[in-house]
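A structural walkthrough
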Amino acid sequence: MEMEPEPDLHDLLRTLRVWSPEITTLPAFDPNSAPAEPLPLFTTWFAEAVSAGQPEPHTMSLATSDADGLPDVRTVMLHGADTDGWSFASHSGSSKGRQLAERPYAALHFYWPALGRQIRLRGPVESAPSTEAQADLHARSTGALAAALTGRQSEVLGSVGELASASQEAWERAQREPDAPAPTWTLYRLRPDEAEFFQGDAQRRHVRLKYRRTEAGSPAGWVRELLWP
């Protein structure tokens, strides 16, 4: 049987388009009308991403660094955002958990192509009290609890069969004990020092509004500035 040729990456890249009008609407964004601090604007943009049908708008990239300062990144789920910070969760013994213990500073990135928008956040990360982490976990689905109970995140796995067995046991326990504790499950909060809101423009006149936290100057504790695209 004749095998199909391998795809050419560069040819594929040249066929792709960013912000196709069939799936993307680029709304106008007047930075002069933006609120004095980033949280209200984030909430508005998040709601608009949901209304626009953006798939999984609550997923975000989380960038951390290890003890040697080498970067790492992965996709995680937003658990909430308030005056305490933007929250996400993981096991304390996972790669991200160990990295945050060594260097408790991180960056978050949201990308919503349905509206041509990005949001970037950087700042220190703190762990919430264990009671809050467990309450957050138990408010989620049975599957989320089962995954947390399976544990051993980022450890070397011997086989897919080993995972299937451990996962089945965790599912049975999660269904039997919906309040079962997962001791290493940790709720993290990133309190941004910087927040950037990017609105794409069809003529590449992208609007970039950056918030920087300050102890003085702005009544809300933030200064705003525009950046060249």
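Above this note sits the structure.
Basis of the calculations
- Residues numbered from 1 in each chain as written.
- Predicted model: local features only at pLDDT ≥ 70, side-chain atom pairs only at ≥ 80, totals over all residues.
- Heavy atoms only, no water.
- Helix = DSSP H or I, 4+ residues; strand = E, 2+ residues; numbered from the N terminus.
- Polar contact = N/O pair within 3.5 Å; in protein donor to acceptor, adjacent residues only side chain to side chain.
- Contact = heavy atoms within 4.5 Å.
- Core = buried A, V, L, I, M, F, W, Y, C linked by side-chain atoms within 4.5 Å.
- Buried < 20%, exposed > 50% of the residue type's maximum accessible area, 1.4 Å probe, protein only.
- Pairing = 2+ DSSP bridges.
- Arc of directions from axis to C-beta.
- Patch = residues over 30% accessible without salt bridge, like charges linked within 9 Å, V, L, I, M, F, W, Y side chains within 5 Å.
- Areas by Shrake-Rupley, 256 points an atom, 1.4 Å probe, with all protein chains shown as cover.
- Salt bridge = Lys/Arg side-chain N within 4 Å of Asp/Glu carboxyl O.
- Axes fitted to C-alpha atoms, helices over the stretch in contact; angles between N-to-C directions.
- Parallel < 35°, antiparallel > 145°, perpendicular 65-115°, else oblique.
- Left-handed = near helix turned anticlockwise from the far one by under 90°.
- Nonpolar A, V, L, I, M, F, W, Y, C, P; charged D, E, K, R; others polar.
- Phe/Tyr/Trp six-rings, centres within 6.5 Å; stacked < 30°, edge-to-face > 60°.
- Lys NZ or Arg CZ within 6 Å of the ring centre and 35° of its normal.

**As for the side chain of histidine 79**
Examined against the element boundaries, histidine 79 turns out to sit in the loop between strand S2 (71-77) and strand S3 (80-82). A polar side-chain atom of histidine 79 sits 2.7 Å from a polar atom in the side chain of aspartate 136. Setting aside residues no more than four positions away along its own chain, histidine 79 makes contact with Ser87, Phe88, Ala89, Asp136, Arg140 and Leu187.

**Let's talk about the nonpolar core**
Counting residues in each nonpolar core, the largest one holds 28 residues, and the members touching the most others are Phe88 and Phe110. Listed by contribution, the elements that provide at least two residues to this core are helix H2 (38-51), strand S1 (59-65), strand S4 (85-91), strand S5 (105-112), strand S6 (117-127), strand S7 (185-190), strand S8 (194-199) and strand S9 (207-213). If you tally residues by element for this core, the top one is H2, at 5 residues. Those residues in contact with phenylalanine 110, other than ones at most four positions away along the chain, are Phe42, Pro57, Thr59, Met60, Leu78, Trp86, Arg117, Gln118, Ile119 and Leu121.

**Focus: the pairing of S2**
As judged from the 7 bridges shared by S1 and S2, these two strands associate in the antiparallel manner. In the sheet register, threonine 59 faces S2, and the bridge partner there is methionine 77.

**Observations concerning helix H4 (residues 130-138)**
Residues Ala133, Gln134, Asp136 and Leu137 constitute the buried set of H4. Within H4, the buried residues cover an arc of 160° as seen down the axis, which keeps them to one side. Considering only its buried residues, H4 is in contact with helix H5 (142-150) and S7.

**Structural notes on the environment of glutamine 118**
Within the element layout of this structure, glutamine 118 appears in strand S6. In this structure the C-alpha to C-alpha distance between glutamine 118 and valine 223, which are 105 residues apart in sequence, comes to 19 Å. The residues touching glutamine 118, leaving out its near neighbours within four places in the chain, are Trp45, His109, Phe110, Tyr111, Glu196, Phe197 and Phe198. Among the polar contacts made by the side chain of glutamine 118, one reaches the side chain of histidine 109 at a distance of 2.7 Å.

**Quick word on a nonpolar patch on the surface**
A cluster of nonpolar side chains, contributed by Leu9, Leu13 and Leu16, occupies part of the molecular surface with about 330 Å² of accessible area. One can find leucine 9 in helix H1 (residues 9-15). Note on leucine 9: relative accessible area 54%, which makes it exposed.

**Some remarks on the side chain of serine 87**
Within the element layout of this structure, serine 87 appears in strand S4. Serine 87 sits in the buried class, given a relative accessible area of 7%. Residues in contact with serine 87, not counting those within four places in the same chain, are Met60, Met77, Leu78, His79, Gly80, Leu187, Tyr188 and Arg189.

**A look at the packing of H5 against helix H6 (residues 160-176)**
Relative to each other, H5 and H6 sit at 125°, their axes nearing to 8 Å. It follows from the interaxial angle that H5 and H6 lie oblique. Where H5 crosses over H6, the two elements pack in a sense that is right-handed. Along its contact with H5, which presents Thr142, Gly143, Leu145, Ala146, Leu149 and Thr150, the element H6 presents Leu163, Ala166, Ser167, Ala170, Trp171, Arg173, Ala174 and Gln175. Its residues placed into classes, the contact of H5 with H6 shows 8 nonpolar, 5 polar and 1 charged.

**Observations concerning the pattern of salt bridges**
The tally for this structure, following the rule as stated, stands at 13 salt bridges. Here aspartate 11 makes a salt bridge to arginine 14, at a shortest N to O gap of 2.7 Å. With aspartate 11 and arginine 14 both in helix H1, this residue pair falls 3 residues apart, about one helical turn. Aspartate 11 sits in the partly exposed class, given a relative accessible area of 41%. Residue arginine 14 is classed as exposed on the basis of its relative accessible area, which comes to 62%.

**Some details on the packing of aromatic side chains**
In total, this model carries 12 aromatic pairs according to the counting rule given. Centroid distance phenylalanine 42 to phenylalanine 46: 6.0 Å. Interplanar angle 25°. Geometry classified as stacked. Within this pair, phenylalanine 42 and its partner phenylalanine 46 are both found in helix H2, separated by 4 residues, close to a single helical turn. Residue classification places phenylalanine 42 among the buried positions, given a relative accessible area of 3%. For the cation-ring pair, arginine 117 lies above tryptophan 45, with the distance from its terminal atom to the ring centre recorded as 4.1 Å.

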